[in-house]
Structures are given as structure tokens and as C-alpha cells.
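# Examination of the molecular architecture
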Amino acid sequence: MIVCVAVVGHQNNPLYIQSFTEADDALKLHHVVHCSLDVVDERVNNPKKSGPMLNETYLGLLYPTENYKVYGYLTNTKVKFILVTTDLDVKDADVRNFFRRFHAAYVDAVSNPFHVPGKKITSRTFAERVSTIVKAFGLSSAG
């Protein structure tokens with residue numbers, strides 16, 4: 001089950017964070033997302049250590065914690081997508097498919113002529129699309 005998704009700008013500024021749990025966990029999930037940025041920077045700046053990633057945007061499992069697994073994705077414009085899930089046996093193909101759909105929703109949101117680049121994403125349509133993608137991920141990984 002996905003508990004949090006985030007879009008982080010190229011200067012590590014949060015553009016969109018949505019948690020799908022109780023309000024008590026929101027701060028903890030923001031901390032998990034923030035900590036994952038160090039792992040993303042390490043993978044991007046030291047590609048030799050993390051294996052062949054020539055033009056790979058999917059960063060894979062960034063790190064597991066006791067309760068969560070954190071996955072990452074990096075766009076060509078250095079915007080980072082972070083996915084936090086409680087599932088311990090997630091298929092890589094499902095996560096890649098999630099990020100592909102999430103990236104398409106992000107592109108549609110920032111292509112809006114009223115969106116200011118680098119500012120928080122406040123589009124209600126984007127939030128609804130993200131919720132739909134998250135629900136679809138829950139169904140596909142459960143089956």
C-alpha cells in the first residue's frame with residue numbers, strides 16, 4: 001500500500017507531498033521523503049557505485065526502513081519523484097509503471113499555462129489523478 005508520494009524540485013524544494021494515511025504519520029513520512037533525497041543525490045553523483053544507470057530515470061529502491069520501502073525516480077529536468085510504500089514484496093515492474101503514470105500526470109500539471117515553474121503544485125486535477133494512480137497501484141500489486 002502506498003502511504004506517501006512526493007515531487008521534489010531540482011533544488012530539493014518540495015513541490016508536492018501527499019500522504020495517504022492518518023494525519024499522525026504525515027510528519028514522519030515527510031521526514032522519510034526528506035531523508036531519501038540524500039540517497040538520490042548519492043546515486044546521481046556517484047553512478048559507478050550504484051551500477052549502470054546511463055540514461056535510467058528509475059532509481060529503484062532507495063532504502064528500506066523498518067516499516068517502509070522508499071523508491072525514487074529522477075526526471076530529465078532533475079525533478080525527483082519519491083514513493084513510500086508499506087508493501088514488502090513490491091514488483092519492480094509495478095513501481096516502474098506507477099512512476100510512468102505519475103510522470104505523465106506531473107507533465108500534464110506543469111504544462112498548465114497558469115502553473116509557475118518551481119512553485120508548489122496546487123492543481124486539484126493533479127491531486128485527483130495521483131489518488132487514482134495510487135488506488136490503481138494498490139489493486140495491481142495486490143493481484
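Residues numbered from 1 in each chain as written. Predicted model: local features only at pLDDT ≥ 70, side-chain atom pairs only at ≥ 80, totals over all residues. Heavy atoms only, no water.

As annotated in an unreviewed UniProt entry, the chain is Trafficking protein particle complex subunit 2-like protein from Punica granatum.

### Side note on the overall build of the chain
The secondary structure content of the chain amounts to three helices and five strands. Across the chain, helices and strands are ordered from the amino to the carboxyl terminus as β-β-α-β-β-β-α-α. Relative to its length of 143 residues, the chain is compact, with a C-alpha radius of gyration of 14 Å against a globular reference of 15 Å. C-alpha extents for the chain along the principal axes are approximately 40 × 30 × 30 Å. Partitioning the intrachain contacts of the chain with sequence separation of at least 6 by distance along the chain shows that 55% fall at a separation of at least 24. Here the chain has roughly 8400 Å² of accessible surface; of this, 54% comes from carbon and sulfur atoms. (Helix = DSSP H or I, 4+ residues; strand = E, 2+ residues; numbered from the N terminus. Rg over C-alpha atoms; globule rule 2.2 N^0.38 Å. Contact = heavy atoms within 4.5 Å. Areas by Shrake-Rupley, 256 points an atom, 1.4 Å probe, with all protein chains shown as cover.)

### So, unusual backbone geometry
The backbone of Asn12 shows a phi angle near 60°, a positive value even though the residue is not glycine. Along the chain, Asn12 falls in the loop between β1 (2-8) and β2 (14-19). Of note, the phi angle at Lys78 is positive, near 65°, even though the residue is not glycine. Here Lys78 shows up in the loop between β4 (69-74) and β5 (80-85). Judged by its relative accessible area of 44%, Lys78 falls in the partly exposed class. (Buried < 20%, exposed > 50% of the residue type's maximum accessible area, 1.4 Å probe, protein only.)

### Notes on helix α1 (residues 23-45)
It helps to recall that an α-helix has 3.6 residues per turn; residues three or four apart then point in one direction. Over its 23 residues, α1 runs 34 Å from end to end, which matches the ideal 33 Å to within 8%, given 1.5 Å per residue. Looking at the buried residues of α1, the elements they touch are β1, β2, β3 (58-64), β4 and β5. (Expected span 1.5 Å × (residues − 1).)

### Thoughts on the sheet that holds β2
Sheet architecture is open: five strands sit in the order β2-β1-β5-β4-β3, paired in antiparallel fashion. For this open sheet the edge positions go to β2 and β3, each flanked by a neighbour on one side alone. Here the average twist between neighbouring strands, direction ignored, is 15°. Two elements, β4 and β5, share six bridges in a ladder whose sense is antiparallel. (Pairing = 2+ DSSP bridges. Axes fitted to C-alpha atoms, helices over the stretch in contact; angles between N-to-C directions.)

### A short note on the pattern of salt bridges
For the coordinates displayed, the defined rule picks out one salt bridge. A salt bridge links Arg129 to Asp108; the nearest nitrogen and oxygen atoms lie 2.4 Å apart. Of this pair, Arg129 sits in helix α3 (residues 124-142) while Asp108 sits in helix α2 (residues 92-110); the two residues are 21 residues apart in sequence, bridging distant segments of the chain. The class for Arg129 is partly exposed, based on a relative accessible area of 32%. (Salt bridge = Lys/Arg side-chain N within 4 Å of Asp/Glu carboxyl O.)

### Section: the nonpolar core
One finds Val5, Val7, Phe98, Phe99 and Phe126 to be the most contacted residues of the largest nonpolar core, which totals 25 residues. If one sorts the elements of this core by residue count, α2 sits on top with seven residues. Residues contacting Phe99, with those up to four places away along its chain left out, are Tyr58, Tyr71, Gly72, Tyr73, Phe81, Ile82 and Leu83. Grouped together as the second largest cluster of nonpolar side chains are 18 residues, Leu37, Leu59, Val70 and Val84 included. (Core = buried A, V, L, I, M, F, W, Y, C linked by side-chain atoms within 4.5 Å.)

### Observations regarding α2
The end-to-end C-alpha distance of α2 is 27 Å, a good match for the 27 Å that 19 residues give at a rise of 1.5 Å each. Residues Asp94, Val95, Phe98, Phe99, Phe102, Ala105, Tyr106 and Ala109 constitute the buried set of α2. Along the axis of α2, the buried residues cluster in a sector spanning 130°; they form a single face. Counted as exposed and oriented over 90 degrees from the buried face of α2: Ala93 and Arg100. (Arc of directions from axis to C-beta.)

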